[in-house]
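Below, each chain spelled out in residue letters.
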Amino acid sequence: MANEFKEKILFVDDEETILNVASEFFQRRGYQTLTAKSGEEALNILKNESVDCCFTDINMPEMNGLDLAEEIRRTDNTLPVIVMTGFPSLENAIQTIKNGVVDFLIKPVNMKQMEISVRRVMEQRRLMAENVLLKQEVEGKDRLQKLNQELMLKVEELHVLNKIMSSFSTISSTTDVFKRAVDMGIDIVPADETKFYVINESVKQPIEVASAKNGKKSSPPQEKKEVGFLPDTHLDHQHDHTVSFPANLLMEVAGDSIPLLIAENTKANGLPQSILSAMLVPVKIRGKVFGVLVAAICEGEKRFSEKDLYYLAFMTQSAAHAIENLALYENIYQNLFATLYAFVNALEARDLYTRQHSSRVTGISLILGKKLGCTSEQLDILNFAGHLHDIGKIGIRDDILLKPGRLSNEEFEKIKEHPVIGANILEQLGLWENERMIIRCHHERFDGSGYPDGVKRTEIPFLARILSVADVYDAIASDRAYRKKMEESVILKIMTEGSGTQFDPDIIDAFMQAYEDGLIQKYMQTGQIPN
Ligand SMILES: [Fe+2]
């Protein structure tokens, strides 16, 4: 497709790097390009050059992009102007349409999207020109009607785009963004099912965090009993059948970071037979792929088109922007925490025996922390690290993680990687230094024989020593796939015998006190932390 377009494009932006990147990209694709660093410079170029399409930034000193668009419309109303803005709003969108702008993109703009946009506006322009010519021919009536219809569709398109932009501007948490994205996917393209998978570099598998079906509301991950791409394990099957996207295809789309349209499933991509047509769109945040939104058609004659892909790509871009804004401006901790917690929930939900494990470990850690006189700041850290201590398990293969019975040495070595993977996930977010160390150290032993680093005594963070007592207690005090929970006397024996070897003696003392006070038992029965 590289050389079939020879249009001349003018880029206007006060940031030179953007001009250079865009110019180079489009030149490589066979377009001719011109650049201007201001609206005035752009108007000067337009006096001497015939240009087919103009991209402009909105926020520029002196003449802004909308004023430039207005000026261009006054002098040559056939030149399509595409604006790019970092601050999408409905008013902005309406204003751009009034100023004769034919399309708008939300920054940071991806080159591929710019190209899709160019192709669209060129097609629109062609239709417009044909329309004008045909108006002069009486016998062209039918064709004219058809073209008018197409133009109406374009107007409708702008409505859809406005709807998308305004929809994401009112969201207040990242989990809402996931739900809104899958629901809106059902709304704007003819999909039977949509899903949102989160993908993280440290994790080799995509994690489904939201899904929606045509005619049904989105289901949050907490309620989900199964994750689409996983083999069925010991899960109950009250849920309707859902489509499954192969993990390797999702990872591939994430790696290429280009939206993929599979109009007709020829099974070449490894898609299951039940999917007739599919779209996979990577979601990028600050230049990094964060997840993939997928849409599937499973019945009927309809198939996805380029236009559907354009809508879905625009929508995911808006969703990504919403997530970015939320993460930047609104309680960054809470939102990212909610996202990560959704991972853990999805992870634990796959195995009946680990459900709520992280919540219980957190509860017991908090009881011990209070007994040991932790500050409220330390309790906050325990609360966070407790919920997320096993998040690294999302990087472990399911056949090992969910295996009932004994693990081989090799399999156990794999499992032992989870504290490091978990710490790396948090590191990537550049946050929570204390919590990161606790997660890394939750399988260390007081005598130095633990993993991953084999550190001992006070080299292990105090809060990690607390967490490790709570973690082991919950593991032996609950049912597991391969055994029933142990007798109370056996459990207490294991805990006290571990004092000084596996556990910090001071923390075991606090544990035994809490046990004698009945606090631990009460918590395990009610799920409420006693005061
Ligand atoms: Fe663990």
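Everything numeric here is computed off the predicted structure, so don't read it as measured data.

A. Just the environment of methionine 184, in detail. Positionally, methionine 184 belongs in helix H7 (residues 174-188). Of the residues examined, methionine 184 reaches a relative accessible area of 7% and is grouped as buried. Each C-alpha atom of the pair methionine 184 and threonine 316 lies 9.8 Å from the other, and the pair is 132 residues apart in sequence.

B. Representation of the pattern of salt bridges. Summed over the entire model, instances satisfying the criterion amount to 19 salt bridges. Between arginine 303 and glutamate 264 there is a salt bridge, with the nearest N and O atoms lying 3.1 Å from each other. Here arginine 303, found in the loop between strand S10 (288-297) and helix H9 (306-329), pairs with glutamate 264, found in the loop between strand S8 (260-262) and strand S9 (277-285); they are 39 residues apart in sequence, far enough to count as distant. What makes arginine 303 partly exposed here is its relative accessible area of 26%. For glutamate 264, a relative accessible area of 47% puts it in the partly exposed group. A salt bridge links lysine 393 to aspartate 390; the shortest N-O distance between them is 3.5 Å. Among the charged side chains, a salt-bridge network with shared partners connects Glu193, Lys195 and Glu208.

C. Seen up close, the coordination of the iron ion. Donor atoms from the polypeptide that coordinate the iron ion comprise Asp390 (OD), His418 (NE2), His442 (NE2) and His443 (NE2), at 2.2 to 2.3 Å from the metal. Coordination at the iron ion is irregular: its 4 donor atoms span angles of 84 to 172 degrees at the metal. Coordination of the iron ion draws on donor residues from a single chain, spaced D-x27-H-x23-H-H in sequence. Taken together, the residues histidine 418 in helix H15 (residues 418-428) and histidine 443 in the loop between helix H16 (433-440) and helix H17 (462-477) connect sequence positions 25 residues apart. A relative accessible area of 1% means that histidine 418 is categorised as buried. Classification of histidine 443 as partly exposed rests on a relative accessible area of 23%.

D. Geometry of the pairing of strand S4 (residues 81-85). Judged by how many residues are buried, S4 sits mostly within the fold: 5 of 5 residues are covered. Every second residue of S4 is oriented toward a common face, with Val81, Val83 and Thr85 on one face and Ile82 and Met84 on the other, all of them buried. One ladder, built from 4 bridges, connects strand S3 (residues 53-57) with S4; its direction is parallel. Each bridged residue has a counterpart across the sheet, and for threonine 56 the counterpart in S4 is valine 83. A crossover connection joins S3 to the parallel S4 through helix H3 (residues 65-75); in handedness this β-α-β unit is right-handed.

E. Fine view of the nonpolar core. Within the largest apolar cluster, 83 residues are counted, with the highest numbers of intra-cluster contacts made by Phe196, Tyr473, Met495 and Phe511. In this view, tyrosine 473 contacts Ile364, Ile491, Met495, Phe511, Tyr515, Ile520 and Met524; residues no more than four positions away in its chain are not counted. Ranked by size, the runner-up nonpolar core spans 19 residues in total, among them Leu34, Ala42, Val51 and Ile58.

F. Seen up close, the environment of phenylalanine 196. You can see phenylalanine 196 is positioned in strand S6 (residues 193-198). A C-alpha to C-alpha distance of 9.7 Å links phenylalanine 196 and valine 281, two positions 85 residues apart in sequence. Setting aside chain neighbours within four positions, we find phenylalanine 196 in contact with Phe178, Ala181, Val182, Ile207, Glu208, Val209, Ala210, Val283, Phe290, Val292 and Leu293.

Parameters and conventions
- Residues numbered from 1 in each chain as written.
- Predicted model: local features only at pLDDT ≥ 70, side-chain atom pairs only at ≥ 80, totals over all residues.
- Heavy atoms only, no water.
- Helix = DSSP H or I, 4+ residues; strand = E, 2+ residues; numbered from the N terminus.
- Buried < 20%, exposed > 50% of the residue type's maximum accessible area, 1.4 Å probe, protein only.
- Salt bridge = Lys/Arg side-chain N within 4 Å of Asp/Glu carboxyl O.
- Donors = N, O, S within 2.8 Å, 3.2 Å for Na, K, Ca; no water.
- Tetrahedral: all angles 85-135°; square planar, octahedral: opposite > 155°, others 65-115°.
- Pairing = 2+ DSSP bridges.
- Right-handed = clockwise from strand over helix to strand, strands pointing away.
- Core = buried A, V, L, I, M, F, W, Y, C linked by side-chain atoms within 4.5 Å.
- Contact = heavy atoms within 4.5 Å.

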